[in-house]
Amino acid sequence: MTTAIGTKKMTLVQAVTDGLRTMMKEHDDVIVLGEDVGKNGGVFRATDGLYDEFGEARVIDTPLAESGIIGTSIGLAINGFRPVAEIQFFGFIYPAFNQIMTHATRIRSRTLGAFTVPMVIRAPYGAGVRAPEIHSDSVEALFTQMPGIKVVVPSNPYDAKGLLIASIEDPDPVLFLEPMRHYRSSKMDVPEGKYTVEIGKGARRKEGEDVTVIAYGAMMDVAVKAAEKAEKQGISVDLIDLRTLYPLDKDLIAESVQKTGRVVIVHEAPSTGGLGDTIISLINDTSFLYMRAPIERVTGFDTPVPMFSLENDYLPNEKRVFDAIQKVIRF
Amino acid sequence: MEERFPMLQIVNGNGEVVDEAYRSELTEELTKELYTKMLRIRLFDRKGVNLQRQGRIGTYVPFEGQEASQVGSAMAMGEGDWMFPTYRDHGATLTFGHSLKTMFLYWKGRHEGCLPPEGKKIFPPAVPIASQLLHATGAAWAEKMKGTDRASIVYFGDGATSEGDFHEGLNFASVFNVPVIFFNQNNGFAISVPMHKQMKAKTIAQKALGYDIEGIRIDGNDAFAVYFHTKKAVERARNGGGPTLIEAVTWRYGAHTTSDDPSKYRDQSETEIRRKTTDPVLRLERFMKNENMWDEKWAKQLEEELTAEIEEAVNEMENEPDANINDMFDYVFESNPWPIEEQKEAFMAGRGE
Ligand SMILES: Cc1ncc(C[n+]2csc(CCOP(=O)(O)OP(=O)(O)O)c2C)c(N)n1
Ligand SMILES: [Mg+2]
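Residues numbered from 1 in each chain as written. Chains lettered and ligands numbered in written order. Predicted model: local features only at pLDDT ≥ 70, side-chain atom pairs only at ≥ 80, totals over all residues. Heavy atoms only, no water.

On to empty space enclosed by the protein, then. Residues and elements named next belong to chain B. One pass over the structure, following the stated rule, counts four cavities of 30 Å³ or more. In this structure, the largest cavity spans a volume of roughly 50 Å³. Pro85, Thr86, His90, Met103 and Pro125 are, among the 13 residues lining the largest cavity, the residues nearest its centre. When residues of the lining of the largest cavity are traced back to their parent elements, those giving at least two are α3 (90-95) and α4 (100-107). At three residues, the largest contribution of residues to the lining of the largest cavity is made by α4. Among the residues making up the lining of the largest cavity, the classes are represented as eight nonpolar, four polar and one charged. (1 Å grid on protein atoms, 1.4 Å probe; cavity = no way out; pocket = protein on both sides within 12 Å on 5 of 7 lines; lining within 4 Å. Points joined across faces, edges and corners; volume = space filled by probe spheres on them. Helix = DSSP H or I, 4+ residues; strand = E, 2+ residues; numbered from the N terminus. Nonpolar A, V, L, I, M, F, W, Y, C, P; charged D, E, K, R; others polar.)

Moving on to the site of ligand 1. The immediate surroundings of ligand 1 are formed by 20 residues, with Glu66 of chain A together with Tyr87, Arg88, Val127 and Gly159 of chain B found nearest. Residues lining ligand 1 come from chains A and B. Between ligand 1 and the protein, one listed contact pairs an oxygen atom with a side-chain N or O atom of Tyr87 of chain B at 2.7 Å. A distance of 2.9 Å separates an oxygen atom of ligand 1 from a polar atom in the backbone of Ala160 of chain B. Out of a free accessible area of 580 Å², ligand 1 has 96% covered by protein chains. Its residues assigned to classes, the shell around ligand 1 comprises ten nonpolar, five polar and five charged. (Near = heavy atom within 4 Å. Polar contact = N/O pair within 3.5 Å; in protein donor to acceptor, adjacent residues only side chain to side chain. Areas by Shrake-Rupley, 256 points an atom, 1.4 Å probe, with all protein chains shown as cover.)

What follows deals with the coordination of the magnesium ion (ligand 2). Residue and element names in this part refer to chain B. Around the magnesium ion (ligand 2), the donor atoms from the protein are Asp158 (OD), Asn187 (OD1) and Phe189 (O), and they sit 2.1 to 2.2 Å away. Within one chain, the residues donating to the magnesium ion (ligand 2) are spaced in sequence as D-x28-N-x1-F. Linking Asp158 in the loop between β4 (152-157) and α6 (164-175) with Phe189 in strand β6 (residues 189-190), this pair joins segments that are 31 residues apart in sequence. Here the two residues Asp158 and Phe189 agree in accessibility, since each one is buried. (Donors = N, O, S within 2.8 Å, 3.2 Å for Na, K, Ca; no water. Buried < 20%, exposed > 50% of the residue type's maximum accessible area, 1.4 Å probe, protein only.)

Summed over the entire model, instances satisfying the criterion amount to 27 aromatic pairs over all chains. Both rings, one in Phe156 of chain B and one in Phe166 of chain B, keep their centres 5.6 Å apart while their planes meet at 50°; by these two values the pair is tilted. In this pair, Phe156 of chain B sits in strand β4 while Phe166 of chain B sits in helix α6, placing the two residues ten residues apart along the sequence. Taking relative accessible area as the criterion, Phe156 of chain B reaches 2% and is therefore assigned buried. Overall, Phe166 of chain B belongs to the buried group, its relative accessible area being 0%. The rings of Phe44, Phe89, Phe92 and Tyr183 of chain A are connected pair by pair, giving a single aromatic cluster. If you follow Lys229 of chain A out to its NZ or CZ, it ends over the ring of Phe322 of chain A, 4.4 Å from the centre. It is Arg274 of chain B that lies over the ring of Trp251 of chain B; its NZ or CZ is 4.2 Å from the centre. (Phe/Tyr/Trp six-rings, centres within 6.5 Å; stacked < 30°, edge-to-face > 60°. Lys NZ or Arg CZ within 6 Å of the ring centre and 35° of its normal.)

Along its sequence, chain B is carved into domain 1 (7-321) and domain 2 (323-353). Here domain 1 of chain B and domain 2 of chain B have C-alpha centroids that lie 38 Å from each other. (Domains from an automatic or database assignment.)

What follows is about the environment of Val61 of chain B. Along the chain, Val61 of chain B falls in the loop between α1 (28-53) and α2 (67-75). Expressed as a C-alpha distance, the spacing of Val61 of chain B and Trp107 of chain B, which sit 46 residues apart in the sequence, is 8.6 Å.

Residues and elements named next belong to chain A. Look at helix α1 (residues 12-26): 21 Å from first C-alpha to last across 15 residues, which is about the 21 Å you get at 1.5 Å a residue. The buried fraction of α1 is high, at eleven of 15 residues. Turning to α1, its buried residues are Leu12, Val13, Ala15, Val16, Thr17, Asp18, Gly19, Leu20, Thr22, Met23 and Met24. (Expected span 1.5 Å × (residues − 1).)

Here we come to the layout of surface pockets. Counted as a void, the second largest pocket has a volume near 980 Å³. Every residue lining the second largest pocket is counted, 43 residues in all, and those nearest its centre are Pro304, Val305, Pro306 and Met307 of chain A together with His111 of chain B. Every element with two or more residues in the lining of the second largest pocket is listed here: α6 (141-144) and α11 (311-314) of chain A together with α4 and α12 (326-330) of chain B. Among the residues forming the lining of the second largest pocket, the class breakdown is 27 nonpolar, ten polar and six charged.

Once that is clear, we can look at unusual backbone geometry. With an omega dihedral of -5°, the bond running from Tyr246 of chain A to Pro247 of chain A counts as a cis peptide bond. Inspection of the secondary structure assignment puts Pro247 of chain A in the loop between β12 (244-246) and α9 (250-260). Look at Arg45 of chain A: it is not a glycine, yet its phi comes out positive at around 65°. For Asn292 of chain B, which is not glycine, the phi dihedral falls at a positive 60°. Given the relative accessible area of 72%, Asn292 of chain B is considered exposed.

So, about the environment of Lys344 of chain B. All names here are of chain B. Secondary-structure assignment places Lys344 in helix α13 (residues 338-350). For Lys344, a relative accessible area of 14% gives the class buried. Apart from the residues within four sequence positions on either side, Lys344 is in contact with Asn326, Phe329, Asp330 and Asn336. Separated by 3.0 Å, the side chains of Lys344 and Asp330 make a polar contact. (Contact = heavy atoms within 4.5 Å.)

Take the interface of chain A and chain B next. Counting residues at the interface gives 36 residues for chain A, matched by 41 residues for chain B. Counting the surface lost from both chain A and chain B, the interface buries some 3100 Å², and carbon and sulfur atoms represent 60% of this. Counting the contacts that link chain A with chain B gives three salt bridges. Salt-bridge contacts for Asp61 of chain A lead to Lys197 of chain B; the nearest nitrogen and oxygen are separated by 3.1 Å. The interface formed by chain A and chain B includes nine residue pairs in polar contact (both at pLDDT 80 or more). Mapped onto the side of chain A that touches chain B, the elements with two or more residues apiece are α11 and α12 (318-330) of chain A. Considering every element that reaches the side of chain A that touches chain B, the biggest residue donor is α12 of chain A, with three residues. Split by residue class, the side of chain A that touches chain B holds 16 nonpolar, seven polar and 13 charged. (Buried area = accessible area lost by both parts, 1.4 Å probe. Salt bridge = Lys/Arg side-chain N within 4 Å of Asp/Glu carboxyl O.)

The next point concerns the sheet that holds strand β11 (residues 237-241) of chain A. Residues and elements named next belong to chain A. Judged by pairing direction, the sheet is mixed, and its five strands sit side by side in the order β9-β11-β10-β13-β14 without closing on themselves. Taken across any chain shown, the strands that pair with only one partner, and hence form the sheet edges, are β9 (203-206) and β14 (296-299). Pairwise comparison of adjacent strand axes, ignoring direction, gives a mean angle of 25° for this sheet. Of the pairings in the sheet, the one linking strand β10 (residues 211-215) to β11 comprises five bridges and is parallel in character. Bridge pairing in β11 places Ala215 opposite Asp241. With respect to the sheet, helix α8 (residues 219-232) is in contact with β9, β10, β11 and β13 (263-267), its orientation differing from that of β11 by roughly 175°. (Pairing = 2+ DSSP bridges. Axes fitted to C-alpha atoms, helices over the stretch in contact; angles between N-to-C directions.)

Counting residues in each nonpolar core, the largest one holds 132 residues, and the members touching the most others are Ile70 of chain A together with Phe224 of chain B. No other element matches α1 of chain B, which puts ten residues into this core. When residues no more than four places from it in sequence are discounted, the contact partners of Phe224 of chain B are Ile10, Val11, Leu26, Leu30, Thr31, Leu34, Leu284 and Phe287 of chain B. (Core = buried A, V, L, I, M, F, W, Y, C linked by side-chain atoms within 4.5 Å.)

Our focus in this paragraph is the domain arrangement of chain A. Interface size is commonly expressed as the accessible surface area that is lost when the partners come together. All names here are of chain A. In terms of domain boundaries, chain A breaks down into domain 1 (7-191) and domain 2 (203-330). Distance from the C-alpha centre of domain 1 to the C-alpha centre of domain 2: 26 Å. Counting residues at the interface gives 27 residues for domain 1, matched by 25 residues for domain 2. Counting the surface lost from both domain 1 and domain 2, the interface buries some 2100 Å², and carbon and sulfur atoms represent 57% of this. Looking at the side of domain 1 facing domain 2, the largest losses of area belong to Arg130, Thr144 and Arg181, adding up to 21% of the total buried there. Summed over the shared surface of domain 1 and domain 2, the result is two salt bridges. At the surface where domain 1 touches domain 2, the tally comes to twelve residue pairs in polar contact (both at pLDDT 80 or more). Those elements that provide at least two residues to the side of domain 1 that touches domain 2 are α6, β6 (150-152) and α7 (157-169).

Below, the structure is given as structure tokens:
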């Protein structure tokens, strides 16, 4: 449902704040909690102004404890609230892993729906901003493999707000990953008021015939640039922004792949067990007979994200994606 | 609880001795060593902030204001002991023998920055809050099992006491009577969150009670108090007396990191007052003046020498060859499993190597 009126130019991080504000205004049961989210407005200012607007009872600076934040959010969620918990950086979610894996994601199925956890976990993720160690992880696949949690990753301000509102409205736990690198990289018209982007639906960013490029989050930029370069050389690219990583947009992927028969998948997470593997399985299941070339993956490596002096080598770049496009075309 | 855990002080902000029991131990030699080491890391710290502003290193984490805590505690440790710092404790590691150049390299995003000097048991800084308390406990436990008299010291902040790992570390150390010093620098804030929002407890030292271990609270800006009380705890640990939780009450003057803006959450005038009243370096200067140990010429020359040493380290950092791309692939395991080897080969081929 859309009650949006005008639009406003916003960065991705401002769109996140706007999504939170929109939902908090409308619903008293939506609360925000996490480290430094209150007075400070979050280390990236994602909750800027909310503390002043909604007060410390709804915008809560918690003690420094991720397991505590998520564990208590579960308790809040089963008892009438819709907590939006911020994990300051995705790489600091690990102390909360137990709470997410053993409780948040299973309570509905353990109790056959008697208890549910309508909770959103927000976290900035990804490399490329010369951050200190552990601040650059991209471990979304640890969560897409986890039964019982949806995983979404917007790549632009419009989707960020719409997906965040959809996530807060969702009756189940949603992990909402924010591409840190693109928090402020560009502005875009974002509707004021409430609108949603449906969870589980990807978006086609370019229409093309020769090759499907699939990416999400911070890698969309790299994919767009590589696609533009390919197009200058006469290769037309069908470019897909997944937006939701679980559940994947099976129809969109199948439709595109059946048209092009050639696929390049891009993510900055490590290769083994990454989303690329899952997408290849999906293509195998839906479109095997349409394939004209082996699928290429351009990903991070099976290494920890290195310290920032080497992070540009770790991250997929335009050249690596372009090379992969050429490879599947020339096969 | 504040009465039960009074803030121990030996020399107050005016540089006056307030605990006479220690007077004979406050020698000129010790005083000058403390002063030298504190000034050295203060100059390093200011350089770090400047280098970040000029874009010559990445995000930097300053510790100015916490020099007495870091120097006093590190000096209380001995050869062969272990040190487990956080991202804010390079003052302690530098005092314990880390090299200036290596520390700069760390903040330049170089893996070389995680390497301790030969023979020094200094772990890389822990970034995930409180995780290192358990490592320190394990390493000290190993020393105990091996029958040595070596101990560990582990640094962490006030915010870290909220993490589960803090409590697990104290409990393991208590249960197994491990020779580890839990050295807390209570600088009043965890990024923007003040201590009173982090915990209802008025002291951190009192958390020792729950684990039935020693707990003390000291003036973390009094280098003598930090040095002598930590030393006592280390000696107790060496003699089988088990762990100690030390709360060193201090203050960070600057931002949480160079990416942080403290004016969002606190009044920086507090810092300006503290610079004049509780500053750890100034306190030693006042003490030396009171005791007729101060020599203006000595102090000036010392600052020049330390500045030159730091500049030299900056040069070395900047003349270091670029990071080696192989380092990303070749140290994940002792030898590369095939996926890493194949990824490495493909990557090198793609760059034309
Ligand atoms: C597990 C984890 N969560 C969050 C962070 C982000 N973070 C870095 S420092 C910090 C505050 C730490 O405060 P404190 O323990 O008092 O130490 P101080 O920084 O004041 O020295 C936070 C929340 C982190 N590094 N690790
Ligand atoms: Mg602190």
